[in-house]
Amino acid sequence: MLTQKLTRLQSFRVKVCRGASHLARQRYDVIVVGGGHAGTEAAAAAARVGADTLLVTQKIHTIGALSCNPSLGGVGKGQLVREVDALDGLCGRAGDWAGIHFSILNRSKGPAVWGPRAQLDRERYRQFIQSELRSTPRLTVLEGSVEDLLVTEPDPEEPGRHRVTGIRLAESSLPISASSVVLTTGTFLSGSLFMGQNTSPGGRIGDPPSGAGLSHTLRERLGLRVGRLRTGTPPRIIKDSVDLSLAQLHAPDRQPTPFSFLNTKPHCRPEDQLPCHLVYTTPGVDRLVTESLHLNHHIQQDTKGPRYCPSIESRVLRFPGRKHQVWLEPEGVTSDLLYPQGLSMTMPPDMQLRLLREIPALHKAEIHTPGYGVQYDFVCPTQLSSALQVKSTQGLFLAGQINGTTGYEEAAAQGLWAGVNAGRVALSLPPAGASRTESYIGVLIDDLVGRGVTEPYRMFTSRAEFRTSLRPDNADLRLTLRGFEEVGCVSSQRYQEAVRVRDGLQDALQALQSLALSTNRWRITLGNTSISETKSTILNGMDVLRYNDASFEMLASAFPECLSPYTEFSQRLKIEAVYRPHCELQRREMERIQREDSLSLPQDLDYLSLPVSLSQEVREILDRVRPDTLGAATRLPGITPAAVVHLLNYIQRAGGRDRRTHRHQPDQSQESNREEELAGSSVSLPQRN
C-alpha cells in the first residue's frame, strides 16, 4: 500500500507556489505558517475538515525535515503518534514508510505504558510528508517568509480584543487574507544560534529566523506574554570514522510494529533494519566540558532548556563523575552519518571534536556538522483556549514549540488539533474539544493551557491519570470514530476500517464472555496454566485471559468454532482483558465525582499537609484558591482528575470525624498509586508472527 501510494504521487500536479505573485487567490479559509511537524499536520488537518488552506514556509524543500534526531515515538511520545494517526494525521504513516529500526520501549512493563519507536531515514520521511501534502485537496503550499500578521478590530459578537485576518509576506506588499491563521514557527521565532562564543540569527543551521515583525506583533500589538527557551543538537559524525566494534550493538525488534492503524507492517523489511549502538562517556568528557565552559556562551545563559533531553554540558555539570549513555543512531539507509543521541553540545567545534575522541569508539571520529544551540521565543500557553486559539485574539491559533513544548510528536499533536479547530472556526463550526480522559492529546493540551510551562514540555505516560485506558493499542477506537462523526478530520476509508475493528472486537468479547466453565474444566481444557487448583468457581473467557500464561491463541485452539474468526485481534483482546476491570473502576470513580459535584469542601482544610496523595503543585493551588465545592476544585487549572478522586475519598472518609488541621507532612511516595502499578505491571503477550 505504501509503495503504491508514493509511486502514484510522482505524477501528481504539485500545488506549490514560489512567490505570492503566483498565487491564484489572495484569500483562504486557513493560513498555516511553518512547514515543520506542527505546520504540516495543521495544514493537512484544516484541509481535511473542508477549509481552503495555504501553508507558508521559508523553504519548500525543507518541509517535513527532521531538524534534530532521526527518530519518532518513544514512551508517551509513541502514544501521541498513534493518536495523531487515529485522527488521520501524517506522522504515523510517514514513520512506517521511513522507519529503518523499530522497537517497543518499556516492553518489560504493562502494555499501557509501552512506547512504540522507530529510527527514521531522514530523506524518506521528508519525501513522504511532501508527497502527502501535494496530494491533499484544498491545500496550497507557498514558499515565502511571513513578516507580520494582519490585525484589525475584533468582531463585537465574539470574545477577544483583536482579530487576525491574514498575513503579510516579507517580499510582497500584497496581503493574504484568511479567517484563521495558525502559527507553527518552531525554534524560528526570534531564533538565535549558538556555537562556542559565536551567536547568529537563525532557527536551524542554514535557515534564517522568522521575520522580526511577527515577534513584535505578538508582544507589543497583541499584548501576549512571551518567554525565551533554548534547545540544542549534537554534532553529526561520519560513520566510517567510528569503530563500532567498541560499541554495544542493539538490534531492532525482529517483527517491527507499525505506527499506523492502516498498516499491518512498515515499508522496511525486518531483515533490512539497521542496528543502533551504545557507548558511554568517560572522565575525559567531563574534563573537556569543564575546560570549555568559559568558551561556551550558550550554557552560561539562564534561559531554560529541555530537562529530559539536556546537553552533555548540562548533564556533566549536574551529575559529575557519572557515565552517561550515548546512542549512535543511523540517519538513513544510504546516509554516511551517525547521530550521537545524548551528546547535544554548544562548545566550539574544535572542542567538540576533542570531546568525541575521549570516547573509545569515537577515538578517530570526524565531524560532518558541529553541534549548536538555539534560543527562541515562545508564547505562554495559558493564554490559549483548549482549541489552541489565543483567547484575546480572534482567528489566531498556535501550535508546536511556540507553545513551549519540545519534540516532534508533541508538535504534531498540537498541529493537528490547531488545524482542525482553525478549519472548523473558519467554516463557522464550533471548535472541537479534547479531554484528558480520552486521549494523550487532551492531556497535552490541558497541561499547556491549564498549567503553562517553565521549561520545554515533554510528554510522559505518567502525565496521564487514565493511562490504563489511553493505550497505544486502542487509539483508533477512542478517536477515529469521533474524528469522523463529530470532528470531520477522518477519511471514510479509515472510518470504515475502525468500525470493522470495533465490531470484530465487540463480537470477540461477547464470545469470550459466553465461555463459562469451572476452574477445573478450564485446567483440563487448557492444560498447564496457573489457574488455581484449590479455588473452585466459574470463569468466563475474559477472566481466563487475565492469567499471564493464558493467550487468546490457546483459547481459540480449544474453542475454534466460536473464537477462531477473531485471531487477528488476539493481542488487543489480551490487553483488553487485563485492563478492563481497572478501566471500569476508573469510569465509576469519574461518575462518582460528577455525582458529588456540589459536595462542600471544609474551609479549614490544610491542603499543604493533608495526608492524601496530592502533588505539591496541586496542594499549592488548592491552598491558594480554597474552592468551596468539589466541582469548583475540578475546574481549577492544574487540578488533575486523579487529585480530585483522592480529595473526594478523603472527604468521605473523614465523614463525621473532626476535620481539624493535620500537622504532619504526608509521604510523597503515595504518588505511586495503584493505577501506576497496574499500568506498569508486566503482562505476557504473544509475539507477532
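To start, this report covers the structure provided alongside it. Please read all numbers here as calculations on a predicted model, not as lab measurements.

### Comments concerning the environment of D476
Phase 1 of the analysis: Looking at where D476 falls in the secondary structure, it is placed in helix α13 (residues 475-487).
Phase 2 of the analysis: Relative accessible area serves as the criterion here: at 4%, D476 is assigned to the buried category.
Phase 3 of the analysis: Taking C-alpha positions, D476 is 21 Å from F552, a pair spaced 76 residues apart along the chain.
Phase 4 of the analysis: Not counting residues up to four positions away in its chain, the partners in contact with D476 are A86, F261, L481, V501 and R572.

### Some words on the packing of aromatic side chains
Phase 1 of the analysis: Under the counting rule described, the total for this entry stands at 4 aromatic pairs.
Phase 2 of the analysis: For the pair W97 and F128, a centre-to-centre distance of 6.4 Å together with 35° between the ring planes defines the contact as tilted. Taken together, the positions of W97 in helix α4 (residues 91-98) and F128 in helix α5 (residues 122-134) put the pair 31 residues apart, joining distant regions of the chain. Assigned by exposure class, W97 and F128 land together as buried.
Phase 3 of the analysis: Pairing F102 with F259 gives two aromatic rings, centres 6.4 Å apart and planes at 50°, and the pair type is tilted. Of this pair, F102 sits in strand β5 (residues 99-105) while F259 is found in the loop between β15 (248-250) and β16 (276-280), placing the two residues 157 residues apart along the sequence. F259 matches F102 in its accessibility class, with the two residues each being buried.
Phase 4 of the analysis: A cation over a ring is seen here: R82 above F261, with NZ or CZ 3.9 Å from the ring centre.
Phase 5 of the analysis: Seen from the ring of Y457, R463 lies directly overhead, with NZ or CZ sitting 4.1 Å from the centre.

### So, the sheet that holds strand β6 (residues 115-120)
Hydrogen bonds between backbone atoms are what pair the strands of a sheet, whose relative direction is either parallel or antiparallel.
Phase 1 of the analysis: The strand order across the open sheet built from 3 strands is β4-β6-β5, with neighbouring strands paired in antiparallel fashion. Every other strand in the sheet has two partners, leaving β4 (71-73) and β5 as the edge strands with one partner each. Within this sheet the neighbouring strands show an average axis-to-axis angle of 20°, counted without direction.
Phase 2 of the analysis: Of the pairings in the sheet, the one linking β5 to β6 comprises 6 bridges and is antiparallel in character. Bridging across to β6, L105 finds its partner in G115.

### Quick word on the pattern of salt bridges
Pairing between side chains of opposite charge can happen when the charged atoms of each approach one another.
Phase 1 of the analysis: A full pass over the atoms with the stated rule returns 39 salt bridges.
Phase 2 of the analysis: In this structure, R436 and D447 form a salt bridge, with 3.0 Å as the shortest nitrogen-oxygen distance. With R436 in the loop between α11 (408-426) and α12 (440-451) and D447 in helix α12, the pair connects residues that are 11 residues apart, well separated along the chain. Here R436 and D447 have matching classes, each one buried.

### Description of the nonpolar core
Phase 1 of the analysis: The biggest cluster of nonpolar side chains holds 137 residues, and the ones touching the most others in it are I31, L149, I167, V181, L183, L218 and L396.
Phase 2 of the analysis: Here this core gets 10 residues from one element, more than from any other, and that element is α11.
Phase 3 of the analysis: Sequence-distant contacts of I31, defined by excluding residues within four places in its chain, comprise L54, V56, I167, I176, S177, A178, S180, V181 and V182.
Phase 4 of the analysis: Judged by nonpolar contacts, the second largest core, of 25 residues, contains L512, F552, F569 and A577.

### Things to note about α12
Helical geometry: 3.6 residues make up each α-helical turn, so side chains three or four residues apart lie on a common side.
Phase 1 of the analysis: With 12 residues, α12 should cover 16 Å at 1.5 Å per step; its first-to-last C-alpha distance of 16 Å lies within 8% of that length.
Phase 2 of the analysis: With 10 of 12 residues buried, α12 is to be regarded as a mostly interior element.
Phase 3 of the analysis: Buried positions along α12 lie against α3 (77-86) and α11.
Phase 4 of the analysis: At the exit of α12 stands G452, carrying a positive phi of roughly 75°.

### Let's talk about unusual backbone geometry
Phase 1 of the analysis: With phi around 55°, S190 is a residue other than glycine that occupies positive phi space.
Phase 2 of the analysis: A relative accessible area of 26% places S190 in the partly exposed class.
Phase 3 of the analysis: At L388, a residue that is not glycine, the phi angle is positive and equals roughly 65°.
Phase 4 of the analysis: Relative to the helices and strands, L388 is located in the loop between β20 (372-379) and β21 (393-394).

### Thoughts on the sheet that holds strand β11 (residues 192-195)
Phase 1 of the analysis: Judged by pairing direction, the sheet is antiparallel, and its 4 strands sit side by side in the order β12-β11-β20-β13 without closing on themselves. This sheet does not close on itself; its edge strands, each paired only once, are β12 (198-201) and β13 (226-233). Strand-to-strand, the axes of this sheet are offset by a mean angle of 25°, without reference to chain direction.
Phase 2 of the analysis: Inspection of the sheet shows β13 paired to β20 by 8 bridges, in the antiparallel sense.

### With respect to the side chain of S180
Phase 1 of the analysis: As for its position among the elements, S180 is in strand β10 (residues 175-183).
Phase 2 of the analysis: The class for S180 is buried, based on a relative accessible area of 0%.
Phase 3 of the analysis: A polar atom in the side chain of S180 sits 2.9 Å from the backbone oxygen of A422.
Phase 4 of the analysis: Here S180 is in contact with D29, V30, I31, G395, F397, A422, V425 and A426, once residues within four sequence places are set aside.

Rules used throughout
- Residues numbered from 1 in each chain as written.
- Predicted model: local features only at pLDDT ≥ 70, side-chain atom pairs only at ≥ 80, totals over all residues.
- Heavy atoms only, no water.
- Helix = DSSP H or I, 4+ residues; strand = E, 2+ residues; numbered from the N terminus.
- Buried < 20%, exposed > 50% of the residue type's maximum accessible area, 1.4 Å probe, protein only.
- Contact = heavy atoms within 4.5 Å.
- Phe/Tyr/Trp six-rings, centres within 6.5 Å; stacked < 30°, edge-to-face > 60°.
- Lys NZ or Arg CZ within 6 Å of the ring centre and 35° of its normal.
- Pairing = 2+ DSSP bridges.
- Axes fitted to C-alpha atoms, helices over the stretch in contact; angles between N-to-C directions.
- Salt bridge = Lys/Arg side-chain N within 4 Å of Asp/Glu carboxyl O.
- Core = buried A, V, L, I, M, F, W, Y, C linked by side-chain atoms within 4.5 Å.
- Expected span 1.5 Å × (residues − 1).
- Polar contact = N/O pair within 3.5 Å; in protein donor to acceptor, adjacent residues only side chain to side chain.

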